[in-house]
Amino acid sequence: MIETHDIVRPPEELVAGLAAIGSATASSELNRLGVRSAHIRGPVSFTPGASLAGPALTLQFMPKREDLYQVDEYAEPEKQLHRHVLYHTQPGDIVVVDARGDMASGVFGEMMMIYFKSRGGLGVVVDGCIRDLGKVRNLGLGLWLRGTTPNFHSQTDIFPTAVNVPVACGNTVVVPGDIIVADDDGAVVVPIKLAPALLAEAGSHAEWEEFSRLRLSQGGDLRTYYPLSEEARPEYELWREARNGDASA
């Protein structure tokens, strides 16, 4: 019998806070915290407008070697580890798949994703492909993929080898339980140990950006308002105090 480990999930309020900041701010603030690039390169959004954050369940594929893995699409289903990662799904989870950038293997299809959705899964980030794209899109999941294929998961060159282990998705390390922040710009991995510091920094960043966005829309000088200059900071502080005062009234 195959046994795989679950993940340790972060506090819900931490995830919710990161969901509000978006991938661009997460990436730039993580750079300031010492992570040069947290962007999972390769997978792009196949669900425009979707924006979410959640803890990572991980699935690893390796090049197929027939003496190690001869299972076809429906034979011996409990030997197929791409099913086991979904068994761990809890509400708010995101599945991250290192499929080696393979464009000929559909890691998941409609049936698997119906199950994932029914357990509260939010979305998938796949360095590779899924199949049944039209039907999966209709489920309302967030999808970050390299592409699509009609093939099943192990039909050609790769097979699933491990669940909830560190993976290299899009040449970026993802540790089980890390927080994924994903939107139209792409998917970013937030190391769980840096998540509280990121949230604190990003909150301040988002606030001055809101002020700068307003001033730029009113014809303000880009040199003054983006990034926020020391010249503009007193004006920003007055705006911030007024806004926070109105909010608490």
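Procedures and definitions
Residues numbered from 1 in each chain as written. Predicted model: local features only at pLDDT ≥ 70, side-chain atom pairs only at ≥ 80, totals over all residues. Heavy atoms only, no water. UniProt positions renumbered as here; feature names shortened; annotations may be inferred. Salt bridge = Lys/Arg side-chain N within 4 Å of Asp/Glu carboxyl O. Buried < 20%, exposed > 50% of the residue type's maximum accessible area, 1.4 Å probe, protein only. Core = buried A, V, L, I, M, F, W, Y, C linked by side-chain atoms within 4.5 Å. Helix = DSSP H or I, 4+ residues; strand = E, 2+ residues; numbered from the N terminus. 1 Å grid on protein atoms, 1.4 Å probe; cavity = no way out; pocket = protein on both sides within 12 Å on 5 of 7 lines; lining within 4 Å. Points joined across faces, edges and corners; volume = space filled by probe spheres on them. Nonpolar A, V, L, I, M, F, W, Y, C, P; charged D, E, K, R; others polar. Disulfide = S-S within 2.5 Å. Axes fitted to C-alpha atoms, helices over the stretch in contact; angles between N-to-C directions. Parallel < 35°, antiparallel > 145°, perpendicular 65-115°, else oblique. Left-handed = near helix turned anticlockwise from the far one by under 90°. Contact = heavy atoms within 4.5 Å. Phe/Tyr/Trp six-rings, centres within 6.5 Å; stacked < 30°, edge-to-face > 60°.

Per an unreviewed UniProt entry, the protein goes by the name Putative 4-hydroxy-4-methyl-2-oxoglutarate aldolase and belongs to Nonomuraea marmarensis. Under the UniProt heading Subunit (unreviewed entry), the note attached to the protein is "Homotrimer." Its UniProt record, at the heading Function (unreviewed entry), says of the protein: "Catalyzes the aldol cleavage of 4-hydroxy-4-methyl-2-oxoglutarate (HMG) into 2 molecules of pyruvate. Also contains a secondary oxaloacetate (OAA) decarboxylase activity due to the common pyruvate enolate transition state formed following C-C bond cleavage in the retro-aldol and decarboxylation reactions."

Right, let's get into the pattern of salt bridges. Pairing of side chains with opposite charge becomes possible as their charged atoms draw close. Going through the model one piece at a time under the given rule, you end up with 15 salt bridges. Note that R9 is salt-bridged to D6, the shortest N-O span being 3.2 Å. Taking the relative accessible area as the measure of exposure, R9 reaches 23% and is therefore partly exposed. When salt bridges that share partners are traced, they join E207, E210, E230, R233, E237, R240 and R243 into one network.

As a further point, take the nonpolar core. The biggest cluster of nonpolar side chains holds 30 residues, and the ones touching the most others in it are V96, V125, V174 and I180. Counting residues per element, the ones that place at least two in this core are α1 (12-19), α2 (22-32), β2 (52-63), β3 (94-98), β7 (167-169), β9 (179-183), β10 (186-190) and α6 (195-217).

Glancing now at the layout of surface pockets. Each pocket or cavity is described by its volume, and for the second largest pocket that value is around 180 Å³. Lining the second largest pocket we find R9, P10, E12, V15, A53, G54, P55, Q90, P91, G92 and L122. Elements supplying a minimum of two residues to the lining of the second largest pocket: α1 and β2. For the lining of the second largest pocket, the element with the most residues is β2, which contributes three residues. Across the lining of the second largest pocket, the residue classes tally to six nonpolar, three polar and two charged.

Moving on, we get to the state of the cysteines. Across all of its chains, the model carries zero disulfides by this definition. Free of any disulfide, C129 has its nearest neighbouring cysteine sulfur in C169, separated by 12 Å. Assessed through its relative accessible area of 0%, C129 is described here as buried. Look at C169 and you get buried, because its relative accessible area is 0%.

This part covers the packing of α1 against α6. When two helices pack together, their arrangement is captured by the angle between the axes and the distance separating the axes. At their nearest, the axes of α1 and α6 sit 10 Å apart, and the two run at 45 degrees to each other. In terms of their interaxial angle, α1 and α6 are classed as oblique. Pair α1 / α6 crosses with left-handed handedness. Along the contact surface, α1 presents L14, G17 and L18, while α6 presents A195, P196, L198 and L199.

A word on the packing of aromatic side chains. Per the counting criterion, the structure on display carries six aromatic pairs. Ring plane angle 70 degrees and centroid distance 5.8 Å describe the contact between F211 and Y225, whose orientation is recorded as edge-to-face. Pair noted here: F211 is in helix α6 and Y225 is in helix α7 (residues 222-225), with a separation of 14 residues, a long-range link. By relative accessible area, F211 is classed as buried at 0%. Pairing F211 with Y236 gives two aromatic rings, centres 5.5 Å apart and planes at 55 degrees, and the pair type is tilted.

Time to look at unusual backbone geometry. Cis geometry marks the peptide bond from Y226 to P227; its omega dihedral reads -5 degrees. Mapped onto the elements of the fold, P227 is located in the loop between α7 and α8 (233-248). Residue R100 is not a glycine yet carries a positive backbone phi of 65 degrees. In this fold, R100 is placed in the loop between β3 and α4 (110-118). Of note, the phi angle at D132 is positive, near 60 degrees, even though the residue is not glycine. One can find D132 in the loop between β4 (123-130) and α5 (133-137). Looking at D132, the relative accessible area reads 35%, which means it is partly exposed.

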